[in-house]
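The lines below spell out each chain.
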Amino acid sequence: MKLSRQILFASSITLAAIVVPHLATAAEHIVEMRNRDDAKNSMAFQPGFVKVEVGDTVKFVPTDKSHNTESVLEVWPEGVPPVEGAFSKEVVFTAEKEGLYVLKCAPHYGMGMVVLVQVGKPVNLDKIKEYKATGLAKKRLDGEIAKVVQ
Ligand SMILES: [Cu+2]
């Protein structure tokens with residue numbers, strides 16, 4: 001009896017490890033909102049591209065003030081709650097579904113302040129490539145798209 005209980009207990013641990021592997025390895029990624037990034041671009045997210053897995057979170061932090069982080073709704077995947085960060089405030093995006101996610105700082109979007117998050121496989125890459133971002137964000141976003149991992 002005692003032995004069978006031990007076996008049962010061991011089996012349930014094994015089962016849990018199979019069913020919820022991402023919970024055990026969920027990572028938090030940090031993206032900074034900055035007046036100048038490491039490459040000397042003004043008004044930028046650092047890094048401008050981040051690759052994560054389903055279950056991970058991306059925390060956008062206001063290293064410099066007067067920025068925000070919000071979804072670019074034109075290319076935001078359906079059924080995923082949009083990110084709506086307030087100015088100079090931290091906001092967290094939880095990766096629930098595979099695909100590419102474009103976020104911006106509202107006042108500096110035309111100056112190129114855009115960030116691309118890849119969750120798992122880039123299932124909506126064509127749609128992201130077709131999207132014409134505002135002003136300087138177009139060029140910067142193209143640069144980030146080039147980093148997408150197939
Ligand atoms: Cu900004």
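Now for a look at the structure at hand. (Residues numbered from 1 in each chain as written. Predicted model: local features only at pLDDT ≥ 70, side-chain atom pairs only at ≥ 80, totals over all residues.)

1. Thoughts on the overall build of the chain
Scanning the chain from N- to C-terminus turns up four helices and eight strands. Its helices and strands taken in sequence order, the chain reads α-α-β-β-β-β-β-β-β-β-α-α from the N to the C terminus. Burial statistics for the chain: of 150 residues in total, 29% are counted as buried. A separation threshold of at least 6 residues defines the contact pool for the chain, and within that pool the share at least 24 residues apart is 65%. (Helix = DSSP H or I, 4+ residues; strand = E, 2+ residues; numbered from the N terminus. Buried ≥ 20, exposed ≤ 12 C-beta atoms within 10 Å, placed from the backbone. Contact = placed C-beta atoms within 7 Å.)

2. Details of the sheet that holds strand 2 (residues 42-46)
The strand order across the open sheet formed by four strands is 2-1-4-6, and the pairing between neighbours is mixed. Every interior strand has two partners, whereas the edge strands, strand 2 and strand 6 (91-94), have only one. On average, each strand axis in the sheet is inclined to that of its neighbour by 20°, with strand direction left out of account. Looking at chain direction, strand 1 (residues 28-36) and strand 4 (residues 57-61) are connected through five bridges and run parallel. Bridging from a neighbouring strand, H29 pairs with V58 of strand 4. (Pairing = 2+ DSSP bridges. Axes fitted to C-alpha atoms, helices over the stretch in contact; angles between N-to-C directions.)

3. Structural notes on the environment of M111
With respect to the helices and strands, M111 occurs in the loop between strand 7 (99-104) and strand 8 (114-119). Accessibility expressed as a C-beta count within 10 Å gives 17 for M111, which makes it partly exposed. Separated by 24 residues in the primary sequence, M111 and G135 have C-alpha atoms spaced 6.6 Å apart. In this structure M111 touches S42, M43, G135 and L136, once residues within four positions along its chain are discounted.

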